[in-house]
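Structural overview
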Amino acid sequence: MKTKKNTISATPNVTGSFSSFDFAGKWSTPLFLIVIYVVIGFFIWWLNIPFIEDIFTSSTINLIMVLGFQMYMGNSGILNWSYVGYAGIGAFFSAIFSMDPMLKSMQIPTMYPFLVKLHLPFILALFAGALIATLVAALIAWPLMRLSDSVGAITQFALLIVINVVLSQWSQVTNGPRTFTLGGSRKTTYELVMAVAVLVIIAVFMFKESSLGLKLRATRDDRYAARSSGINFIAVRYVGYVASAFIAGFAGGLYSHYILSITAASFYLSQLFVVLSMLVIGGSMSVSGAFFGTLVVTLARQGLSQVELGLTRSGFEAYGMTEIVVAILMIIFLIWRPNGLTGGRELTLNSFKRLIGKKKLKPTGNRKKMEEII
Amino acid sequence: MENLSTLAVKSISKSFKGLKAVNDVSFHLKTGEILGLIGPNGSGKTTTINMVTGMLPKDSGHIEIDGQDISDVPAYKVPVYGLVRTYQKIRLFKNLSNLENVMIGAVGVGIKRREAAVLAASLLTELGLGDRINEPAQGLTFRDQRLVELARALAAKPKFVMLDEPAAGLNELETDELFALLKELPAKKNIGMLIVEHDMRLIMSLCHRLHVLNYGRTIAEGLPDDVRKDPEVITAYLGSAAS
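To start, this report covers the structure provided alongside it. (Residues numbered from 1 in each chain as written. Chains lettered and ligands numbered in written order. Predicted model: local features only at pLDDT ≥ 70, side-chain atom pairs only at ≥ 80, totals over all residues. Heavy atoms only, no water.)

1. Some details on the interface of chain B and chain A
- Listed by partner, the interface residues are 44 residues for chain B and 38 residues for chain A.
- Regarding the contact of chain B and chain A, the summed buried area is about 3500 Å², with carbon and sulfur atoms giving 58% of it.
- It is Y76(B), F93(B) and R113(B) in chain B that bury the most area against chain A; as a group they hold 17% of the surface buried on that side.
- The tally of links between chain B and chain A comes to 2 salt bridges.
- The closest approach of N and O atoms between R217(A) and E100(B), which form a salt bridge, is 3.1 Å.
- At the junction of chain B with chain A, the criterion picks out 8 residue pairs in polar contact (both at pLDDT 80 or more).
- Elements with a minimum of two residues in the side of chain B that touches chain A: α2 (98–107), α3 (113–126), α4 (142–154) and α5 (172–189) of chain B.
- In terms of residues, the side of chain B that touches chain A owes the most to one element, α3(B), which gives 7 residues.
- Across the side of chain B that touches chain A, the residue classes tally to 21 nonpolar, 8 polar and 15 charged. (Contact = heavy atoms within 4.5 Å. Buried area = accessible area lost by both parts, 1.4 Å probe. Salt bridge = Lys/Arg side-chain N within 4 Å of Asp/Glu carboxyl O. Polar contact = N/O pair within 3.5 Å; in protein donor to acceptor, adjacent residues only side chain to side chain. Helix = DSSP H or I, 4+ residues; strand = E, 2+ residues; numbered from the N terminus. Nonpolar A, V, L, I, M, F, W, Y, C, P; charged D, E, K, R; others polar.)

Set out below in C-alpha cells:
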C-alpha cells in the first residue's frame, strides 16, 4: 500500500526536531569501519603468525591507497588513473628524504648531490614525500579539471604514463629503471599502518561529509545543476584531486619503507588494477565501499593465490589465475551491480538495524554476504 | 517594510549561427512580484533564462541587481548575488539524499554546512517532504522531485527565482497544487519570481505581470488582462496552435 499522498502546502505539517548531527544514520560509519578494522588487526596480532601479519600490513597499505582513491574518484565520479603515479612519487621521495646520505651515495651513485644531502627523520620523510606528490598534483592538475567523462579518464591515463616514464627514467632521482634499494631495516611497522589507516578512514569520511565533499558529489551527479547552485566545479575538483594525491603519496611512502626496494613499475598498471578492482567491487561512491572492497578483494586474492600455488605444485601451471578471476569479478560487478557490494551506501547503525530487522542476520551479516560472492 | 530589490534585464540578445534566438529583450522584476515569461515554442524563453543566470554567454546587453552589474559574473557566482533557477528537465543530484540536495543550494552560496542542514530540513518540511529527508532523491515521484528542486533554489535564500516550466510533467491536480504554493511564495519569502509556462489558464491567474516573446522579440508586456487582449499575442498563440 502506498502511503497517503501529502498535499503541497506552504505551512509546516511535520513538526519534528531536526538535528544536523545524525549519528545512527551517518556518523556511525567511521566508528563501524574502525572497529571492524581494529578487531581484525588485534586478532591477527594475537595470532602472532609473521606471514599473516605481513599480509595484514601490506593490505593495510592498499586500504589506505583505496581510501584516498575513493576520496577523489568516488566523490567526483572521474576515473583517476594517475592516482597510483602519485603513490610512486611519494614512495621515491620519502625514501630519498629518510635514507642516510652515506647509504644513498652508495646505493644510488647517480643521484643529484643536493638530494643525497637531504635527510629527515622517518615520519617527517613520509610527510615530505606526500607533500612532493601533492605539489606535483597541484602544479599540473588545474587544466585537467574541466575535463569529464571519457575525456577526463583518458587524460588521467596519459598523465599516469607520463609520471611512470619520468619515474622510470630519471636516474638522478629514482635510480632510473634499476631497482631503488632503501637498505636498513623495515620502518613501516604493523602499529604505524594501523594508526594511519584509522586516521585516513576518519579523514576520508570527514571529507565526504564536508561542504567541499558535498559540493564535489553534487558535481558528480549533475554538473550543470551544481553550477547553477553556486558551485565552481573546477575548483572543488581541484582541491579533491590534490588532497587525494597527498594520501596516495603518504601510502606510497609507507609502501617503500615496507618493501624496501622499489621500481617505477611498482606504481603502474598492476597496482592501479589492484586499487581499482577493490574500489569498484566495494562500491566507489562510499567510504564503506572502499573498506569492504579492500577486505573482500584481499581475501579473494589470498585465497586464489593459495589455489594457484596448489595447482602449480600438482603440475598444473596456473600463474596469473588470481588476476583473471579478480578481473572477471570486476566485470561481473560492473554489469550486475555497478555500485558495488555496498551499492554506494554507507554502513550505518540504521543500515544494521534494517539488516537485522529484515533478514534476522547476525551483525556479521554483511561480511557473510560478501564471502558468499567470492 | 521589507527591503525591495530589483532585477533589471537590459536589452539582451543572443544569436545561434545567425539566427536571432533572443533579440533586444528587456524586463525588470521586483521582489514580491510574479512575472510570467510566455510565448510559443522556440520563442526564446529558456535562452533568456540561461543568459540572465549566466549559464549562456550573451552577445550584448546587461543584467543588474539593485544597480549592480552582474553581466560578466560567472554562472557559479550568480546565486551569491541572489538569483537562482530551476530547470524544465529536472536536474537533481540523484545519488544524494533529499536533504543533501537542498543543502547544496545553501552551501553553494556560502552558508555553513550545519546551518545549511537545518535550513534544508525546514524547507523540506515546509513543502511536505519532512518525512523523507534522508531518502535518496532518485526514489521520489516526479512531483516530489520538482519540490526538492524548488527547495534547493529557495535554500540559497535568493532574492529572485526563475522557474523554467515548473509544471512540466505534472498532472492537472499536481499543477494546481504547485501553483497554489507558488502564489504564496513571493510575499512569504520576499522574492521576485519569474515563471516560464505554457498553460495560459494558470499563468493568467498566477502572474502579476506578463512578458510575451515571439521569435526572440518582445511582442507585449503588462497586466495579464491587457496582454490577453493584445492582437499580436492572439495572433502568435493562434498561429502556433493552428500550425
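There is more to say after this.
2. What about the pattern of salt bridges?
All names here are of chain B.
- The final tally for this structure, using the stated rule, is 20 salt bridges over all chains.
- Among the ionic pairs, D66 bridges to K159, the shortest N-O distance being 3.9 Å. Taken together, the residues D66 in the loop between β4 (60–65) and β5 (68–69) and K159 in the loop between α4 and β7 (160–164) connect sequence positions 93 residues apart.
- Residues joined in a network through salt bridges with shared partners are R132, E135, R143, D144 and E177.

3. A closer look at the packing of aromatic side chains
All names here are of chain A.
- On inspection of all chains with the given rule, the structure shows 19 aromatic pairs over all chains.
- Their ring planes at 85° and their centres at 6.1 Å tell us that F42 and W45 sit as a pair that is edge-to-face. One end of the pair, F42, and the other, W45, are both in helix α1 (residues 23–47), 3 residues apart, so they sit about a helical turn from each other.
- Residues F127 and F250 carry aromatic rings whose centres are separated by 5.1 Å and whose planes lie at 70° to one another, so their mutual orientation is edge-to-face. In this pair, F127 is assigned in helix α6 (residues 122–140) and F250 in helix α12 (residues 233–259), connecting sequence segments 123 residues apart.
- For F127, a relative accessible area of 38% gives the class partly exposed.
- Residue F250 is classed as buried on the basis of its relative accessible area of 10%.
- Connected via pairs of aromatic rings, a cluster forms that spans F92, F180, Y255 and F267.
- One residue, R186, lies across the ring of Y258, its end atom 4.0 Å from the ring centre.
- In this structure, R223 packs its charged tip against the face of F233, placed 5.6 Å from the ring centre. (Phe/Tyr/Trp six-rings, centres within 6.5 Å; stacked < 30°, edge-to-face > 60°. Buried < 20%, exposed > 50% of the residue type's maximum accessible area, 1.4 Å probe, protein only. Lys NZ or Arg CZ within 6 Å of the ring centre and 35° of its normal.)

4. Let's talk about the pairing of β7(B)
Residue and element names in this part refer to chain B.
- With 5 of 5 residues buried, β7 lies mostly within the body of the structure.
- The side-chain alternation of β7 yields two buried faces, one formed by F160, M162 and D164 and the other by V161 and L163.
- In this sheet, β7 lies alongside strand β6 (residues 83–85) in parallel orientation, the contact comprising 3 bridges. In the sheet register, L83 faces β7, and the bridge partner there is F160.
- With 5 bridges joining them, β7 and strand β8 (residues 192–196) adopt parallel strand pairing. (Pairing = 2+ DSSP bridges.)

5. Looking at the nonpolar core
- Counting 176 residues, the largest nonpolar core has Y86(A), F180(A) and L254(A) as its most contacted members.
- At 13 residues, the largest contribution of residues to this core is made by α12(A).
- Summarising the domain contributions, this core has at least three residues from each of domain 1 (6–82 + 158–242) and domain 2 (97–152) of chain B.
- Leaving out residues up to four positions away in the same chain, L254(A) has contacts with I61(A), I64(A), L126(A), T188(A), L192(A), V193(A) and V196(A).
- By size, the runner-up hydrophobic cluster in this structure holds 23 residues, among which are L7(B), V22(B), I63(B) and V73(B). (Core = buried A, V, L, I, M, F, W, Y, C linked by side-chain atoms within 4.5 Å. Domains from an automatic or database assignment.)

6. Looking at the sheet that holds β4(B)
All names here are of chain B.
- With antiparallel pairing, the 4 strands of this open sheet are ordered in space as β2-β1-β4-β5. Looking at which strands have only one partner, the edges of the open sheet turn out to be β2 (19–30) and β5.
- Across 2 bridges, the pairing between β4 and β5 is antiparallel. Note that in β5 the partner of E64 across the bridge is D69.
- Sheet contacts for helix α1 (residues 45–52): β1 (6–16), β2 and β4; angle to β1, the most-contacted strand, approximately 115°. (Axes fitted to C-alpha atoms, helices over the stretch in contact; angles between N-to-C directions.)

7. Side note on the side chain of D221(A)
- Along the chain, D221(A) falls in helix α10 (residues 211–221).
- A polar contact is formed between the side chain of D221(A) and the backbone nitrogen of K94(B), at a distance of 3.2 Å.
- With residues near it in sequence (within four places) discarded, D221(A) still touches F93(B), K94(B), N95(B) and L96(B).

8. Here we look at the sheet that holds strand β9 (residues 209–214) of chain B
Residue and element names in this part refer to chain B.
- With mixed pairing, the 6 strands of this open sheet are ordered in space as β6-β7-β8-β3-β9-β10. Each having just a single partner strand, β6 and β10 (217–222) make up the two edges of the open sheet. Neighbouring strand axes in the sheet, compared pairwise and without regard to direction, differ in orientation by 15° on average.
- Taken together, the 5 bridges between β9 and β10 define a ladder with antiparallel strand orientation. Looking at the pairing, L213 lines up with T218 of β10.

9. Quick word on the packing of helix α9 (residues 190–209) of chain A against α10(A)
Residue and element names in this part refer to chain A.
- The N-to-C vectors of α9 and α10 enclose an angle of 65°; their axes lie 4 Å apart at closest approach. The orientation of α9 relative to α10 falls into the category roughly perpendicular. For the pair α9 and α10, the contacting residues are F207, K208 and E209 in the first and S211, L212, G213, L214, L216 and R217 in the second.
- Partitioning the contact of α9 with α10 into residue classes produces 4 nonpolar, 2 polar and 3 charged. (Parallel < 35°, antiparallel > 145°, perpendicular 65-115°, else oblique.)

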